[in-house]
Each structure stands twice: as C-alpha cells, then as structure tokens.
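# Understanding the architecture of this molecule
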Amino acid sequence: MFRRIKIRTALSMMIFSLTALLLFVGILGLVAVQSGNKSFARVDTEVLPGLVALNESSELLLRGRLDLRLYESLVGNGETEKANVALERARGKIDSASGKWQEYLKYPQSAEEQVIANEMATTRAALMNEFIDPAFAALKAGKLDEYRQRAGKSTALYAAFDKASKSLVAFKIKSIDHAYDDSNNRVKRMEFVLYFSIACA
C-alpha cells in the first residue's frame, strides 16, 4: 500500500512538472510571437509608410527641377504655351513633394533618425529658399537671366539635398532590416528554450 502511494505520488509530480513545463513553454512562445508581431507591425504601420513618403517627396522635388529646366528650354524656343504647362506641372510636383515631406514627418522617429532627418530638413529648406521659390518667382515674372543665375548655383544645393535624402533612406532601410533580424533572433531563442525544455523533460 505504501509503495503504491509512492508511485502514485511520483507520477503525479511528474505529470505536474510536465504540465508546468508545457505551460511555461506555451507562455514563452506566446510572448515571443507577440513581440515579433509588434516589431513587424511597427515596420508595416510606421517605417514602411514613412519610407515611401520620403522617397516620393525626394523624387517629386527632383522631377520638379527637370520641369523648370524644360520651361526654360521651351521659352527659349518660343513655345510659350508648352512652357506654361511645364511650369504648372513643376509647381504641382513641388507642392506634392512638400505634402509628402509633411506626411513623412507625421511618423514617429527615433533619436538617431531625428538627427539625420534634421540634416535633410536643413538642406531641403536651403534648396527651397535659395532656388526653387525664387526660381518660380523669376520665371513667372519673365526674368530668365535671374533664373539662370540661380539655376547655375542650384547644383550644389541639389547635391547636398540628394546626399541627405539618401542617408535618411538608407537609415530607414537599415531599421527595417534590424526589425526583421530582431524578430528572427527572438524565434531562434524560443527554439533553443523549447529544445532545452524537451531535453529536460
């Protein structure tokens, strides 16, 4: 009778231990999955949309510059009507670029990203204030010589803006890679704990 009780107790303890172990592994797995999902959710709802808005803003700004050059060329050829269409198209692209930039700024930024974003904002403001806005004013007033003078100095402004833009885009892409790596590392740690738990069982 005493021996039966000992066996029953040992079996109960073993079942209890296995149950506790399975519960521990289950909770750990749930936490790992939720944590990984949180990383992916942040990428999908914050990082990727911000990256898309940033890319579109930079692209539209650079394309607007090409339309300004096209306007100058068409005016020089006496094609005034086509030139005015190109100027309006350039204005639309610049305005859309500004809208996309504001959209990017709505998304959360880390302290490290904020530093790079501030640098891009500075180069962007310089480009707008020293070339784009004065260029539109000069072209609308028919002052081609003034536009050409500013256009000649715009290369350095665009180069600085493009460099800052590429740095910020590279940082955003790197942050996406880090999020995926972090999620994968969590899964690997979970696998290790799972295998260790099974070995212990």
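This text follows the structure it describes.
Each chain carries its own residue numbering, running from 1 in the written order of its sequence. Since the coordinates come from a predicted model, pLDDT governs what is reported: local features require at least 70, and pairs of side-chain atoms require 80 or more to be given and counted, while whole-chain, interface and lining totals use all residues. Calculated side-chain values reflect all of the structure's heavy atoms, with hydrogen atoms and water omitted.

### Quick word on the nonpolar core
- Residue types Ala, Val, Leu, Ile, Met, Phe, Trp, Tyr and Cys, when buried and joined through side-chain atoms within 4.5 Å, form a set referred to as a nonpolar core. Burial classes: relative accessible area under 20% of the type maximum marks a residue as buried, over 50% as exposed, and values in between as partly exposed (1.4 Å probe, protein chains only). One finds Leu61, Leu68, Leu127, Phe131, Ile132 and Tyr147 to be the most contacted residues of the largest nonpolar core, which totals 41 residues.
- Put simply, DSSP H or I for four residues or longer makes a helix, DSSP E for two residues or longer makes a strand, and each gets a number counted from the N terminus. Elements supplying a minimum of two residues to this core: α1 (2-76), α2 (80-105), α3 (111-140) and α4 (144-200).
- No other element matches α4, which puts 12 residues into this core.
- When checking whether two residues touch, look at their non-hydrogen atoms; a contact exists if any pair is within 4.5 Å. Not counting chain neighbours up to four residues away, the residues in contact with phenylalanine 131 comprise Leu68, Ala126, Tyr147, Arg150, Ala151, Ser154, Leu157 and Tyr158.

### A few points about the packing of aromatic side chains
- Pairing of aromatic rings covers Phe, Tyr and the six-membered ring of Trp, with a centre-to-centre limit of 6.5 Å; geometry is then stacked below 30 degrees between planes, edge-to-face above 60, and tilted otherwise. This model, assessed by the stated rule, comprises 3 aromatic pairs.
- Both rings, one in phenylalanine 131 and one in tyrosine 147, keep their centres 6.2 Å apart while their planes meet at 40°; by these two values the pair is tilted. One end of the pair, phenylalanine 131, is in helix α3; the other, tyrosine 147, is in helix α4, with 16 residues separating them in the sequence.
- A relative accessible area of 1% places phenylalanine 131 in the buried class.
- Members of the aromatic cluster, connected to one another through ring pairs, are Phe131, Tyr147 and Tyr158.

### Focus: α2
- Its 26 residues place the ends of α2 38 Å apart at the C-alpha level, agreeing with the 38 Å of an ideal helix rising 1.5 Å per residue.
- What α2 keeps buried is the set Ala83, Ala86, Leu87, Ala90, Lys93, Ile94, Ala97, Trp101 and Tyr104. To estimate the expected span of a helix, count its residues, drop one, and scale the result by 1.5 Å.

### Observations regarding the pattern of salt bridges
- The salt bridge criterion pairs a side-chain nitrogen of Lys or Arg with a carboxyl oxygen of Asp or Glu, the two atoms within 4 Å. If you walk through the whole model with that rule in mind, you get 12 salt bridges.
- One salt bridge connects glutamate 72 with arginine 148, and the closest N-O pair in it is separated by 2.7 Å. One end of the pair, glutamate 72, is in helix α1; the other, arginine 148, is in helix α4, and 76 residues separate them in sequence.
- Taking relative accessible area as the criterion, arginine 148 reaches 38% and is therefore assigned partly exposed.
- One continuous salt-bridge network, built from bridges that share partners, spans Glu56, Lys100 and Glu103.

### Some thoughts on the packing of α2 against α3
- To obtain each axis, a line is fitted to C-alpha atoms, and for helices this fit is confined to the stretch in contact; angles are then taken between N-to-C directions over 0 to 180 degrees. Running from N to C, α2 and α3 cross one another at 160°; their axes reach a closest spacing of 12 Å. When the axis of α2 is compared with that of α3, the two are roughly antiparallel. Pair α2 / α3 crosses with left-handed handedness. Across the interface between the two elements, Leu87, Ala90, Arg91, Ile94, Ala97, Ser98, Trp101 and Tyr104 of α2 pack against Glu113, Ala117, Met120, Ala121, Arg124, Met128, Ile132, Asp133, Phe136, Leu139 and Lys140 of α3.
- In this classification, Asp, Glu, Lys and Arg are treated as charged, Ala, Val, Leu, Ile, Met, Phe, Trp, Tyr, Cys and Pro as nonpolar, and every other residue, Gly included, as polar. Residue composition of the contact of α2 with α3, grouped by class: 13 nonpolar, 1 polar and 5 charged. With respect to orientation, any angle under 35 degrees is reported as roughly parallel, any angle over 145 as roughly antiparallel, any angle of 65 to 115 as roughly perpendicular, and every other angle as oblique. For any pair of crossing helices, the crossing counts as left-handed if the nearer helix is rotated counterclockwise from the farther one by less than a right angle, and right-handed if it is rotated clockwise.

### A few points about the side chain of threonine 123
- Relative to the assigned elements, threonine 123 resides in helix α3.
- Residue threonine 123 is classed as buried on the basis of its relative accessible area of 15%.
- Beyond its immediate stretch of four places on either side in the chain, threonine 123 contacts Ala160, Phe161 and Ala164.

Keep in mind that these numbers describe shape and distance, not what the molecule does.
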